[in-house]
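# Architecture at a glance
One-letter residues, chain by chain:
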Amino acid sequence: QVQLVESGGGLVQPGGSLRLSCAASGSIFSINAMAWYRQTPGKQRALVAKITSSGSTNYADSVKGRFTISRDNAKNTGYLQMNSLKPEDTAVYYCNFDIKRPPNWDRYVYWGQGTQVTVSS
């Protein structure tokens, strides 16, 4: 089995920063893309940022220049550094990993449990 565990959410004032982490554990050969999504009540989950196994990144327009996605392959962990936070960034943030698993290198997609980020004064 594979489990993704998120950490790092919380309450922050506008203009502040938070760093989210997502650690994968279990039976893993390799992790392809890592991504972060966010969701607010009544809306669909939306992609925030994505990083491929080669390190290529892409971001939602609303977070470009403020958020940075990164990964530590040795630790099977992904990160989302969020700076200059705005109230509209308030959401539940979910990590999403595309993982190749033994014994046949089959690909599976896993989600973290979600972590609340609240930006408010």
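Being a predicted model, the structure only gives us computed values, none of them experimental.

Time to look at the pairing of strand 10 (residues 106–111). Judged from the 6 bridges that link them, strand 9 (residues 91–101) and strand 10 form a sheet pairing that is antiparallel. Counted as the bridge partner of Asn-96 is Trp-111 from strand 10. Connecting strand 9 to the antiparallel partner strand 10 that follows it, the hairpin turn spans 4 residues, and Trp-105 within it adopts a positive phi of roughly 60°.

Scanning the entire structure with this criterion turns up 4 salt bridges. With its nearest N and O atoms 3.0 Å apart, the salt bridge here joins Arg-38 to Asp-89. Linking Arg-38 in strand 4 (residues 30–39) with Asp-89 in the loop between strand 8 (77–82) and strand 9, this pair joins segments that are 51 residues apart in sequence. Across this residue pair, the class does not change: Arg-38 and Asp-89 are buried. A salt bridge links Asp-98 to Arg-107; its shortest N-O distance comes to 2.2 Å. Classification of Arg-107 by relative accessible area gives exposed; the value is 56%. Beyond isolated ion pairs, a larger network of salt bridges with shared partners links Arg-38, Arg-66 and Asp-89.

Another aspect to go through is the pairing of strand 5 (residues 46–51). Across a regular strand the side chains alternate sides, sitting on one face of the sheet and then on the other. Examined bridge by bridge, strand 4 and strand 5 share 5 bridges and lie antiparallel to one another. Residue Arg-38 lies in a different strand from strand 5, and its bridge partner there is Ala-46. Where strand 4 hands over to strand 5, the hairpin turn is made up of 6 residues, of which Gly-42 adopts a positive phi near 80°. Note that strand 5 and strand 6 (residues 57–59) share 3 bridges and pair antiparallel. Across the sheet, Ile-51 pairs through a bridge with Thr-57, a residue of strand 6.

Here the focus is the sheet that holds strand 7 (residues 67–72). Taken in spatial order, the 4 strands of this open sheet run 1-3-8-7, and their pairing is antiparallel. This sheet does not close on itself; its edge strands, each paired only once, are strand 1 (2–7) and strand 7. On average, each strand axis in the sheet is inclined to that of its neighbour by 15°, with strand direction left out of account. In this structure, strand 7 lies alongside strand 8, joined through 6 bridges in antiparallel fashion.

Bringing the nonpolar core into the picture now. The biggest cluster of nonpolar side chains holds 28 residues, and the ones touching the most others in it are Leu-4, Leu-80, Met-82, Tyr-93 and Phe-97. Counting only elements with at least two residues in this core, the list comes to strand 1, strand 3 (18–26), strand 4, strand 5, strand 7, strand 8, strand 9 and strand 11 (115–119). Broken down by element, the residue count for this core peaks at 5 residues, all from strand 9. Not counting the four nearest positions on each side in its chain, Leu-4 is found in contact with Cys-22, Ala-23, Ala-24, Cys-95, Phe-97, Ile-99, Tyr-110, Trp-111, Gly-112 and Gln-113.

Turning our eyes to something else, we now look at the side chain of Arg-38. Classification of Arg-38 by relative accessible area gives buried; the value is 14%. A distance of 3.3 Å separates polar atoms of two side chains, one belonging to Arg-38 and the other to Ser-62. At 3.0 Å, the side chain of Arg-38 forms a polar contact with the side chain of Asp-89.

Reading the values: rules and limits
Residues numbered from 1 in each chain as written. Predicted model: local features only at pLDDT ≥ 70, side-chain atom pairs only at ≥ 80, totals over all residues. Heavy atoms only, no water. Pairing = 2+ DSSP bridges. Helix = DSSP H or I, 4+ residues; strand = E, 2+ residues; numbered from the N terminus. Salt bridge = Lys/Arg side-chain N within 4 Å of Asp/Glu carboxyl O. Buried < 20%, exposed > 50% of the residue type's maximum accessible area, 1.4 Å probe, protein only. Axes fitted to C-alpha atoms, helices over the stretch in contact; angles between N-to-C directions. Core = buried A, V, L, I, M, F, W, Y, C linked by side-chain atoms within 4.5 Å. Contact = heavy atoms within 4.5 Å. Polar contact = N/O pair within 3.5 Å; in protein donor to acceptor, adjacent residues only side chain to side chain.

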